[in-house]
Structures are given as C-alpha cells and as structure tokens.
Amino acid sequence: MSTFAGDIDLGLLRDRLVAIALRAGRMITSAKPTTTSSGTKKNSADLVTETDQAVEAYISSELGTLYPDFAFMGEETYVPGQKLGNEPTFVVDPIDGTTNFVHRFPYVSVSLGFAVNKVPTVGVVYNPFTGRLYSGIKGRGSFVFDIDKQQPLDEKTRTDTTDGQVQVPREDEGTKLPVKELAPLGGLDECVVAIEFGSDRGGQNWKTKTDTWARLGRRKEDGGAMVHSARALGSAALNLCGVAEGVLDLYWEGGCWAWDVCAGWVILTEAGGLVVDGNPSGVWEIPVDHRKYLAVKGAKDGEGQKELVNEFWGYIEGEMIYEH
Ligand code: IPD
C-alpha cells in the first residue's frame, strides 16, 4: 500500500524531529561514552555505546507516542533481514559517528530521517557538539541553523502533542543550503572528497576502496585524478550535510546503511545535490538502502554534475558488494 506524503503534515513532523534531535543531543553531550558489555558489534572497529542505545530508546519512544501508526527503523534495534517498506517510516541513527563520540572527536550527529514509499522525505541532522543543525523537507528546501547549545530544552522544545506546537527554529528560518553560491562544477582535480574507512577492513570491498582512494589522490602522470584532498571525518550524515553546504564536493562510501544516509539525503538533494550508485554502474537512481553511495554537490543549472559523476566512476578500481 502506498501513502501520499501530502496527507502528512511534514512541517509539523520536521518541527517534532528537530525538538527530539535537540533533546537527544543533550543526552549525548552530557553522557560519558561507555561501551556496552560487548563494546562492539561486528568487529573491533564497529563500536556501540550505552548512549547509542539509550538515545535510540528515547527517540523511538517519542516517535511511537507521536506517530503510533508509522514504522521505525533504527540502527540499534535493526534486525538482520528487516527491510524498509513503503509505509511511512522513521529511519534513525541515534549517534552517527559513534567512533568519534568514543574518541571525543566532535563530529557526531543525531540523524533523523523520514521516508514515505521508501523516498527520503524529511531529514534532520544535528551535531550537538557544534550546535549545527540541518533540516530539509522534500520539495521545500533545506537549511542550516546554529543552535544555542545552552538553551533550556525542557521549555523551549516541548514535543507536547496537545496543540502540536513546538518552539524550535522554523523550517525556513536558517541559512538556505547550499551556503556557497551554486556554480558550474569543474573536474575532480578541483575537489575535496569525503571518504570513510567504515568497519570492513578486508576482502574485495576494502581493496576497491583503498585502490580507488590511491588513484583519486595520485598525480595525473601516473594515472590518478589528483583531487585537492580527501577527508575521512566519521559521520555519513554530516558528510552528506557538508556536501549539501558545498564545503565538501563529493562523498563516496560503501557499507553504510539507510539510517546513516536517509536524513542527509533529503538535505543534500534539496540543496541541488545528487546521490547515485557508489559503483561505476551508470545507475543514477538508487534506493536509500543501496549501501553504496556517491554524493555530489549542487551545481548552477546542474552544469558539470553529470560529468563529475562519470569522471569519478571512471576512477573506481573494482566493485563494492554489500547486501541490502
Ligand atoms: C558510521 C559512520 C561512519 C561510516 C560508517 C557508519 P555509526 O555510523 O557514519 O562515518 O563510515 O559506515 O556505519 O556506526 O557511527 O552510526
């Protein structure tokens, strides 16, 4: 059964997500990163803390009260095999950048996405350490806000449902994204590319990544793209927001999940950016749970975007394989 997103008050839903993100952010900044009894999930580089779990429990309980009929997919409660369906679904990463949180590197976000018919429709990404908050609604643009991290959240961000009012920045009150003026895009040799180690460190996927990173950086005489530089900052959601702002030109990763990208996807595409296949397949439209992504910033009249994607695909050495 498909749902028409127009039947849902997306502005109110976005306001509520912002309020929840601000509260969740306060939980994160006031917590000591304590790993769970196992401390890791898949391997020693795939960390999980008690805060990840507590924040997700808070978010799912708030959303369950406000939207009891909507589905919920969250990183910490995901069950292998669970698929994103057509029903309105919150797609949530309580702490995107858990490794950063554990190491106290302040590039951490609460990532709250909302998908309808599997299409990312509302996104809120909040870095509680910097106060930077991004939000976007499909068809209504995306914006960035500088939140006063000290604000008394209890009074200012009530998610009280009786009248649906929340005192959070209005959706169009921030700085419209991208913050840099749109211009035609040049080639890869003018770009800063966000990449990520991820937690799979062997086999074909790791080889594809490391060979491709080497080729992107290598000088042109030796067959490389000679990009300006690469950044591995540790939060997929914030990387997408950085591409939306235009401070990163591209972001390429395989292995992350729908909850890492759903919210940032709306924010980026509303800023004129694209998310396409992270493999060099020629596929321009991918599902949100595709797990292999190449994100490109917006361009004036889209000029140069297609060429940049094709150029990037031409430098990918091999193929990444991830189940979804
Ligand atoms: C991770 C971060 C990281 C990316 C991984 C994600 P988590 O999310 O987004 O940047 O490389 O693929 O799993 O585990 O910190 O929520």
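An unreviewed UniProt entry lists the chain under the name Inositol-1-monophosphatase, with Exophiala xenobiotica as the source organism. As stated in UniProt under Catalytic activity (unreviewed entry), the record for the chain gives "a myo-inositol phosphate + H2O = myo-inositol + phosphate".

Visitor: Describe the UniProt feature "binding site: Mg(2+) 1" (unreviewed entry) in the chain, and please don't skip the residues or the numbers.
Guide: Taking the numbering used here, the UniProt-annotated feature "binding site: Mg(2+) 1" (unreviewed entry) corresponds to E75, I95, D96 and D260. A maximum C-alpha distance of 9.3 Å is found for the annotated residues, which run over 186 residues; spatially they form one tight group. Its location among the elements puts I95 in strand β4 (residues 89–96). Its relative accessible area of 1% is what places I95 among the buried residues. Residues in contact with I95, not counting those within four places in the same chain, are I28, T49, T51, D52, E75, F101, V108 and S109. By the element assignment, D260 lies in helix α7 (residues 258–269). If near-sequence neighbours (up to four positions away) are discounted, D260 is found in contact with D93, D96, S111, A236, A237 and L240.

Visitor: How would you summarise the UniProt feature "binding site: Mg(2+) 2" (unreviewed entry) in the chain if you had to cite specific residues and measurements?
Guide: Look at the UniProt record and you will see "binding site: Mg(2+) 2" (unreviewed entry) annotated at D93. Position of D93 relative to the elements: it lies in strand β4. Owing to a relative accessible area of 1%, D93 belongs among the buried residues under this scheme. When near neighbours in sequence (up to four residues on either side) are disregarded, D93 contacts E75, S109, V110, S111, W259 and D260. At 3.3 Å, the side chain of D93 forms a polar contact with the backbone nitrogen of I95.

Visitor: Give a detailed account of the packing of helix α5 (residues 203–217) against helix α8 (residues 305–315), specifying residues and quantitative values.
Guide: One way to put it is that α5 packs onto α8 with a least axis distance of 9 Å and a crossing angle of 120°. With respect to α8, the element α5 is oriented oblique. Contacts between α5 and α8 involve T212, R215 and L216 from the former and F312, G314 and Y315 from the latter. Looking at the contact of α5 with α8 residue by residue, the classes come out as three nonpolar, two polar and one charged.

Visitor: Please set out helix α1 (residues 10–29) residue by residue, giving values where relevant.
Guide: Here α1 is 20 residues long and its end C-alpha atoms lie 28 Å apart, about the 28 Å a rise of 1.5 Å per residue gives. Burial of α1 is extensive: 15 of the 20 residues sit out of reach of the surface.

Visitor: Account for the domain arrangement of the chain, naming residues and giving values.
Guide: In many analyses, interface size is given as the accessible surface area lost on bringing the parts together. Taken domain by domain, the chain holds domain 1 (10–176) and domain 2 (188–314). Inter-centroid distance (C-alpha atoms) of domain 1 to domain 2 is 23 Å. Facing 42 residues of domain 1, the contacting portion of domain 2 comprises 26 residues. Buried surface at the junction of domain 1 and domain 2, summed over both partners, amounts to about 2500 Å²; 65% is from carbon and sulfur atoms.

Visitor: Give me the pairing of strand β7 (residues 132–137): which residues, what numbers.
Guide: The buried fraction of β7 amounts to five of the six residues, a majority that puts the element mostly inside the structure. In this sheet, β7 lies alongside strand β6 (residues 119–127) in antiparallel orientation, the contact comprising six bridges. In the sheet register, V125 faces β7, and the bridge partner there is Y134. A loop of four residues connects β6 with β7, the two strands running antiparallel in sequence, and G131 in this loop sits at a positive phi of about 80°. Pairing of β7 with strand β8 (residues 141–146), which is carried by six bridges, proceeds in the antiparallel orientation.

Visitor: Mind laying out the sheet that holds strand β9 (residues 175–176), listing which residues take part and the relevant values?
Guide: Taken together, the seven strands give an open sheet; going across it, the order is β3-β4-β5-β6-β7-β8-β9, and neighbouring strands pair in mixed fashion. Two strands close off the open sheet at either side, each with one partner strand: β3 (71–74) and β9. Here β4 pairs with strand β5 (residues 109–116) via six bridges, running antiparallel. Pairing of D93 across the sheet is with S111, part of β5. Sheet contacts for α7: β3, β4, β5, β6, β7 and β8; angle to β6, the most-contacted strand, approximately 95°.

Visitor: Describe the side chain of N205, with residues and values.
Guide: Turning to its location among the elements, N205 is positioned in helix α5. Look past the residues within four positions of N205 in its chain and what remains in contact with it is E319, M320, I321 and Y322.

Visitor: How would you sum up the pattern of salt bridges? Please name residues and give values.
Guide: If you walk through the whole model with that rule in mind, you get ten salt bridges. For the salt bridge of R140 with E171, the shortest nitrogen-to-oxygen distance reads 2.6 Å. Of the two residues, R140 sits in the loop between β7 and β8 while E171 sits in the loop between α4 (153–156) and β9, which places them 31 residues apart along the sequence. When its relative accessible area of 41% is taken as the criterion, R140 is described as partly exposed. Here the salt bridges share partners, and the residues they tie into one network are R132, D146 and E245.

Conventions adopted
Residues numbered from 1 in each chain as written. Predicted model: local features only at pLDDT ≥ 70, side-chain atom pairs only at ≥ 80, totals over all residues. Heavy atoms only, no water. UniProt positions renumbered as here; feature names shortened; annotations may be inferred. Helix = DSSP H or I, 4+ residues; strand = E, 2+ residues; numbered from the N terminus. Buried < 20%, exposed > 50% of the residue type's maximum accessible area, 1.4 Å probe, protein only. Contact = heavy atoms within 4.5 Å. Polar contact = N/O pair within 3.5 Å; in protein donor to acceptor, adjacent residues only side chain to side chain. Axes fitted to C-alpha atoms, helices over the stretch in contact; angles between N-to-C directions. Parallel < 35°, antiparallel > 145°, perpendicular 65-115°, else oblique. Nonpolar A, V, L, I, M, F, W, Y, C, P; charged D, E, K, R; others polar. Expected span 1.5 Å × (residues − 1). Domains from an automatic or database assignment. Buried area = accessible area lost by both parts, 1.4 Å probe. Pairing = 2+ DSSP bridges. Salt bridge = Lys/Arg side-chain N within 4 Å of Asp/Glu carboxyl O.

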